Amino acid sequence: MLEHLFQELGPWNWVVLGFILLIFEVAVPGIFLLWFGIAAIIVGFLTILVLGPLLAVSWQLQIILFLILSVITVFIGRRLMGATDVPTDEPLLNRRSEQLIGQIVVLEEATVNGRGRARIGDSLWRVKGPDLAAGSRVRITGTDQGTLVVEAV
């Protein structure tokens, strides 16, 4: 029964599938289904206009063509849309720990063996640096995987 479904896979089904994928792309944007939709539309039109009149195109060939065109359209799309590193006026917007570099804060807990905690706003942050007593003022000099690197002021 499933094989019969694939045998009936005509060129217009590819075009319809392509437009359905394009509609899903609009509904759930992510620039991912777009390329598969374009590949399906290309397969449909190639089967209708080029391959159909020349030879009977089997469903296996149509699926192989769709897979190949999907890979090609994804690569072309990634190249066209690849410039995602657009300069911004706030480069540290989502890098909270990096925003704190240069600030002077007070240790909430003493640093023992180079590890402690500092209160910044309403949050406690892990810090690493020289061993210091609680209440010491420290300057944030960097970050290391979410831990603030500090030095005594």
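On a predicted model such as this, the values are computed, not experimentally measured, just so you know.

1. Re helix α2 (residues 11-27)
Here α2 contains 17 residues, and its C-alpha end-to-end distance of 25 Å stays within 8% of the 24 Å for a straight helix at 1.5 Å per residue. When α2 is considered as a whole, its buried residues turn out to be W14, V15, G18, L21 and E25. Each buried residue of α2 sits inside an arc of 125° when the element is viewed along its axis, so together they form one side. Turned more than 90 degrees off the buried face of α2, the exposed positions are W12, I23, V26 and A27.

2. A closer look at the environment of D144
Counting through the fold element by element, D144 comes out in strand β4 (residues 137-144). The class for D144 is partly exposed, based on a relative accessible area of 34%. Those residues in contact with D144 that sit more than four places away from it in its chain are K128 and V149. Looking at D144, its side chain comes within polar contact range of the side chain of K128, at 2.4 Å.

3. Digging into the UniProt feature "transmembrane region" (unreviewed entry) in the chain
Under the present numbering, the feature "transmembrane region" (unreviewed entry) in UniProt falls on residues 12-28, 33-51 and 57-76. Taken end to end, residues 12-28 is 94% helix and 0% strand, and its first and last C-alpha atoms sit 24 Å apart. Across residues 57-76 one finds 90% helix and 0% strand; the C-alpha atoms that close the span lie 26 Å apart.

4. Describing the packing of aromatic side chains
Tallied over the entire structure, the rule returns 3 aromatic pairs. With a centroid separation of 6.4 Å and 80° between ring planes, the pair formed by W12 and F45 is classed as edge-to-face. With W12 in helix α2 and F45 in helix α3 (residues 33-54), the pair connects residues that are 33 residues apart, well separated along the chain. By relative accessible area, which is 54% here, W12 ends up exposed. Consider the rings of F32 and F36, whose centres lie 5.2 Å apart with planes at 65°: the pair is edge-to-face.

5. Quick notes on the side chain of T147
Mapped onto the secondary structure, T147 falls in strand β5 (residues 147-152). By relative accessible area, T147 is classed as buried at 8%. Among residues more than four places away in sequence, those in contact with T147 are R115, R126, V127, K128 and G142.

6. Here we look at the nonpolar core
Formed by L100, V105, L107, A118, I120, W125, V127, L132, V138, I140, L148 and V150, the largest nonpolar core amounts to 12 residues. With residues near it in sequence (within four places) discarded, V150 still touches V127, K128, G129, P130, V138, R139, I140 and T141. Counting 6 residues, the second-largest nonpolar core is a separate cluster that includes W14, A40, F66 and L69.

7. Some remarks on the side chain of E25
Mapping E25 onto the fold places it in helix α2. Despite its burial, E25 remains without a salt bridge, the nearest opposite charge being carried by R78 at 13 Å. Polar contacts involving the side chain of E25 include one to the main-chain amide nitrogen of L34, which spans 3.2 Å.

8. Examining helix α4 (residues 59-81)
For α4, built from 23 residues, the straight-helix expectation of 33 Å at 1.5 Å per residue is met to within 8% by its first-to-last C-alpha distance of 32 Å. Along α4, the residues that are buried comprise Q62, F66, L69, S70, T73 and G77.

9. Notes on unusual backbone geometry
With a phi close to 55°, N113 is a non-glycine residue in the positive phi region. Turning to its location among the elements, N113 is positioned in the loop between β1 (104-112) and β2 (115-120). Judged by its relative accessible area of 70%, N113 falls in the exposed class. Here the phi dihedral of Q145 falls at roughly 55°; this positive angle occurs in a residue that is not glycine. Within the secondary structure, Q145 sits in the loop between β4 and β5.

Quick notes on the rules
- In every chain, residue numbers begin from 1 and rise along the written sequence.
- Only residues with pLDDT of at least 70 get local features here, since the model is predicted, and only at 80 or more are side-chain atom pairs given and counted; chain-wide, interface and lining totals rely on the full set of residues.
- Side-chain metrics rest on all non-hydrogen atoms present in the structure, leaving aside hydrogens and water.
- Helical segments are the DSSP runs of H or I of at least four residues, strand segments are the runs of E of at least two, and each set is numbered from the N terminus.
- Every helix has an expected span of 1.5 Å times one less than the residues it contains.
- Working definition: with a 1.4 Å probe on protein chains only, accessible area under 20% of the residue-type maximum means buried, over 50% means exposed, and in between means partly exposed.
- To be clear, the arc concerns the directions from the helix axis to the C-beta atoms.
- Any two residues whose heavy atoms approach within 4.5 Å at even a single point are treated as in contact.
- We call two N or O atoms a polar contact when they sit within 3.5 Å, provided that within protein one can donate a hydrogen and the other can accept it, with sequence-adjacent residues counted only if both atoms are side-chain atoms.
- UniProt positions are given in the numbering used here, feature names are shortened, and annotations may be inferred rather than shown by experiment.
- Stacked, tilted and edge-to-face are the three classes assigned to paired rings of Phe, Tyr and Trp, where Trp is represented by its six-membered ring and a pair needs centres within 6.5 Å; plane angles under 30 degrees give stacked, over 60 edge-to-face, the rest tilted.
- Put simply, a nonpolar core is a bunch of buried Ala, Val, Leu, Ile, Met, Phe, Trp, Tyr and Cys residues held in one set by side-chain atoms that sit within 4.5 Å of each other.
- Asp and Glu are treated as the negative residues and Lys and Arg as the positive ones, with His and the ends of the chain left uncounted.
- We count a salt bridge whenever a side-chain nitrogen from Lys or Arg sits within 4 Å of a carboxyl oxygen from Asp or Glu.

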